[in-house]
Every structure is written in C-alpha cells, then in structure tokens.
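In case you want the letters, here they are:
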Amino acid sequence: MSAVLTYPVPHDSPLAPEQREALEALLKSLDGYQLNWLGGYLSGLASAARATPQVAAPAPGEPILVVYASQTGHATGLAERLAAALASRGLRAEARDARHVRVSRLNQYKQLVLVASTHGEGDPPDAARLFYRDLASERAPRLDSVEYAVLALGDQGYEHFCKFGRELDSRLEQLGGKRLLERLDCDVDYEVPAAAWIERAIERLAAGRERAPVLRLAAAARGGSVRAPRAVAAARVERNQRITARDSSKEVRHVELAFEDGELAYEPGDSVSVAPRNDPALVAALLERLGLDPAAQVRVRERSLALGEALESALEVGALARPVIERYAALSEAGALRGLLGEDAREALRAFLRGRDLLDLVEEYPPRGLDAQALADLLRPLQPRSYSIASSRLANPGEAHLTVGVVRYSARARTRHGVASGHLARRAPGARLELRLAPNRNFRLPADPGSAIVMIGAGTGIAPYRAFVEEREARGARGKAWLVFGERNFRSDFLYQSEWLEYRKRGLLTRIDVAFSRDQAAKEYVQHRLLENGRELYRWIEDGAHLYVCGDAARMAPDVEVALARLVAEARGVDREEASAYLQALAEQGRYQRDVY
C-alpha cells in the first residue's frame, strides 16, 4: 500500500516548484519499506557530498535556462530532455515551466532556450499567459547580452500554426536578444525534426564552454535505483457506459480502465493520451474508392505495415489539414484545390476543411494513379488524443476513469464519428488500450487539505473535479468545496448527478450550482451562476479558496474569466483593469488554474 503524504514538502523549501511537485508525487507512491530505504540512500548521498564537496560543486560557466510553455506535456518533455543532455555534458542547465519564470530576471542568463506550444487558435498555453504578458509589456528588460533559441510546436490543422512560438522569437529579437539558432516550427509529427534541432542546440550551447565532471550516482548497496514514475501502461476496458439519457442531444460515456501490468502514477488533474484507431468502415470505403489492396505493404515512419492497418492505426484519415491539401493538389492536379492555398483564400480553405475527411477529398477530386505508398506519404500521422482523468488513484487503485464526449454528426450524406471518441465508444469490456500519462502540473489540488476549492466546468470539463473530490475524500480533507456545472438539459445531461448529490449529503461538497442552457427560453451558462453569487464567491476567494476552470477554451473559459473579473470589480469597487490584475495575482499564486481545450 502506498504511503499517505501527511506532511507535504514545505513551500519555503529550497526546491523549485516543479522539483517539489516531483518529490511529492514520488513520496505518495512509496510504501513504508521503500521510504525507509530511500531515507538511508539519501543519507548516504549527503554524507558522500560532505566528504567530497568538489563533486557537488556547480558546473563552470553561466547557467543555461530552458523554459517550456506546454499545454499537453510535449514541450515539457522536450525541454527536460534538452536540459538533461546539457547536464550530462557537465553544463549548468535547468528546465523550468514558464509559469515559474520571472521575465524581469531573464537578462541574468547569457543563454536561453524556449520550447513553446501553441494552444488552440494561436494562443499561449495557459501556464505561459502571464509570462508572455510580461514579456510583451513595456517593462520587459533589454536582452542585449542574451543568446536565445526557440523550438515551436503546433498543428498545421489550425490556421495560426506555431503562432505563439513565432511571437516569442520575434519579441526576444525586439528586446535585443541574439538568435543562437534559427527557430524550428514543428507540426504534430515533431519527434524527428525536434530531436535533430535539439542536437544542434546542444552543440551551439556547449561551444567554447569548459565542461565539469559529471556526477554519476551508483545504486545503493541494499537496493536498486529509484524508478521514474511509469509513463505508459496497457489497460483493459472494464466498463463503458453512456451517462447521458438516450434522448439527450449529446452522447457522453463513462469509461473505466483497469491497468494490466503496473499502473500509471497519475495525480488528480492529470490526463492520459489514448492512441485511437480510425473507423474500419471509413477505411474500407476509402480503399474501395481508390481501388487499393489493403494488404499492400507501405513504409510509415520507418515501419513496414499493410496499407489497411496503416490507415486504421497510423495515419490520419478522419480530418484534413493544409499540408494534406498541398500534397494532394500536386498529385491530383486539381486547380480548385490549388486555389484554396493562396494567402487570400484562408477563409475559403478553413470552410473547405471543416467537417471533411479523406474520403470526401478523393470523391470530390479523384486522384490519378495514386498507389499505396503515395497515399501513405500524403497523410499525417494519427495523433493520440488526451482525456482528463476522472478518478483518484487512491480511491480506485489500479484504475483510471475517463469521461468521453462522443462526436457524431452528419455531413454530405454520411454519418461521421470523432476519431478518438468514436474509437472509445466502440470499445467493449475486455478491449485493450495503451495509455500514456500526460501530467498537468498546473492543475493541482491545494497542498493544504483544509483549503477551499471552487470547481467551475461545463460538459466533460467536469471530469477532473470527480477526481478532485474522490482524492479529498480518500485523504480526509475537510476544506470547503463548491461545484459550478453547466450543460444543456437537467433531465438528460447532469453528468454524475447521483454522485454529486451524495457528496453534498455527506459534506464533501459544500455547495452545488448548475446552469442548464436549454431548459428555458433564455440560455443560461455557468458564468451567469457566478455573477448571481458574486459576493459569496468573492468571500470564498478572500478567505483563501482556489479557483479551477475546466472545459471549452473558445467560449466558456473566456466568458468565465470576464464574469470573474466583473464580480471582483463589483465586490472591490474597482475597474476591470484592477480586477484583472487581481485574477492575475491569484494565478501567480497558483490559486486560479485552468485546464481548457
């Protein structure tokens, strides 16, 4: 049985925030014997460091700061890989979340690397919003003595590809920074180009630097090394149940997964990414339309696969993006498609891509002589999809639960399915999935179990709150909790209604407020509930409550932020600018956190 972390690592410890979180995550996963062993191991290391202080001395030269701005964890992984590679060469390097980086201190570094994801339609990741606000402000410091490099991650399926990374690159240059390496803009298939860019960055950063001896830690005599938390795990579907009514306009499913060979060390607020498979019916129709043999062998990312398997498991056929249109236009010699690729045709291209899949494309613009390998080369890799975990590992050992909104719609005389949600909806009990952990260090419960929390969400954005309340119950937390939830209809769409009412009855939820937009003539949303209860919510905030927002990034999250600023302005008697600054201060303290998508 894992130990319960009764005494969290103090916030005034000498550890960086991400180090403190990593240590707490490790300690929570250890049993008594492992804790005793770890104590002895660390004691031995401390003794060795005192006896040979030269080993623990910092590496020579100026420190290198690697800043990551991540929404799903990809940028975090690349930044940590770069920092570790630099450290292995004896260079001082640290990877830090943009949320914990002070822009005013950037000029203290001689070399700076930023690994930045673009979120949605050109926005910075949530954790980097304040960092970019300060960088873009007139108060940002001059960086004339700083060398920098930017690795940008994005998705060409969106119009503003890598916009945030491009803006960072431009702003650092405006502030006088010297470009160490040209920016690389990576699409979803980023691993190979990013790895090559990182190797070039390492060589540039290491050039001319004296290297220090690298400390190698041997395993303690009584045991092996401490293993990193498991990142990938196989799971079996135990339960797959629709939780909206049959007559609901939405299909939402509760999926319970049991780990088969060691569980993921997840925390409330984390997500898992699922490797989906395309709809077999869509793949069969596509192969028939193109007259291609599903058994034909093709090369996909250095693997040899049968074409049918590649189209189901490795290549994106359910959605189109600009790079696919560019390549297809060249193959099909379709003038109409080439006309969609001009700078003045952005809106027309966006309208064309909306709701179309590869089968639509080949039916509307039949290709000439498209063979199996040419088809495989045309397509982008099928990407994993992330889902917030809707369970606590303490309350459900060996399991992870998901809340899946199934995408189904009709277009051009065919029924369409979301790639990942359709795949999960088809998984019957006993089916197997591979899960990859996507930690979200910027969406965490308060360290103090007595702190109050306010959970604001709509639709499947309720998922992490189910994990929050389960975790607090398992740990005996007695802080107040307020849920504000919105959906379309009370009777058919109140997700996990019986659970929330039971938590309210048992005192684990102090208050529930709901907004069902289509139960009355005038639509009502969660922001309306916030404004109606503004003074009470402000009192909770002033008493130390932590605010959480989860759900749609395009409309719900911005509308909630406007409502929060308005209620703060009214309660404090200040203008909107001062109210926004108040919310920003809460975010800097970790008391206003968002997980939006």
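Above: the structure in question.
Residues numbered from 1 in each chain as written. Predicted model: local features only at pLDDT ≥ 70, side-chain atom pairs only at ≥ 80, totals over all residues. Heavy atoms only, no water.

Novice: Help me understand the packing of aromatic side chains in this model?
Specialist: Each aromatic ring pair is specified by the distance between its two centres and by the angle formed by the two planes. Taken as a whole and assessed by the stated rule, the structure comprises 15 aromatic pairs. When the ring of tyrosine 132 is compared with that of phenylalanine 164, the centres are 5.4 Å apart and the planes differ by 85 degrees; the resulting orientation is edge-to-face. Separated by 32 residues along the polypeptide, tyrosine 132 in helix α5 (residues 129-136) and phenylalanine 164 in helix α6 (residues 163-174) bring together distant segments of the chain. The residues tyrosine 132 and phenylalanine 164 share a single accessibility class, namely buried. Ring-pair connections join several aromatic residues into one group, and the members of that group are Phe443, Tyr465, Phe468 and Tyr548. A cation sits over an aromatic face here: lysine 480 above tryptophan 540, 4.1 Å from the ring centre. (Phe/Tyr/Trp six-rings, centres within 6.5 Å; stacked < 30°, edge-to-face > 60°. Helix = DSSP H or I, 4+ residues; strand = E, 2+ residues; numbered from the N terminus. Buried < 20%, exposed > 50% of the residue type's maximum accessible area, 1.4 Å probe, protein only. Lys NZ or Arg CZ within 6 Å of the ring centre and 35° of its normal.)

Novice: Which parts of the structure should I look at to understand unusual backbone geometry?
Specialist: In terms of backbone geometry, most residues other than glycine have negative phi values and most peptide bonds are trans. Phi is positive for arginine 301, which is not a glycine, with a value near 50 degrees. Tracing the backbone shows arginine 301 in the loop between β10 (297-300) and β11 (303-306). In this structure arginine 301 comes out as partly exposed when scored by relative accessible area, which is 47%. In the Ramachandran plot, glutamate 302 falls in the positive-phi region, its phi being about 70 degrees despite a non-glycine side chain. With respect to the helices, strands and loops of the structure, glutamate 302 is situated in the loop between β10 and β11.

Novice: What exactly am I supposed to notice about the sheet that holds strand β21 (residues 592-596) here?
Specialist: By definition, the strands of a sheet pair up through backbone hydrogen bonds, in either a parallel or an antiparallel sense. The parallel open sheet is built from 5 strands, whose spatial order is β19-β18-β17-β20-β21. Unpaired on one side and paired on the other, β19 (511-516) and β21 mark the two borders of the sheet. The sheet shows a mean angle of 10 degrees between the axes of neighbouring strands, taken without regard to direction. Relative to strand β18 (residues 481-487), strand β17 (residues 453-458) is paired through 6 bridges, and the arrangement is parallel. (Pairing = 2+ DSSP bridges. Axes fitted to C-alpha atoms, helices over the stretch in contact; angles between N-to-C directions.)

Novice: I tried to follow the sheet that holds strand β7 (residues 232-242) on my own but got confused; where do I start?
Specialist: On the basis of which strands lie adjacent, the open sheet formed by 6 strands has the order β12-β9-β16-β7-β8-β13 and antiparallel pairing. Two strands bound the open sheet, and with one partner strand each, they are β12 (385-388) and β13 (399-406). Along the sheet, successive strands turn relative to each other by an average axial angle of 40 degrees, direction set aside. Both β7 and strand β16 (residues 432-438) contribute to a ladder of 5 bridges, which runs antiparallel. Bridge pairing in β16 links arginine 236 to arginine 432.

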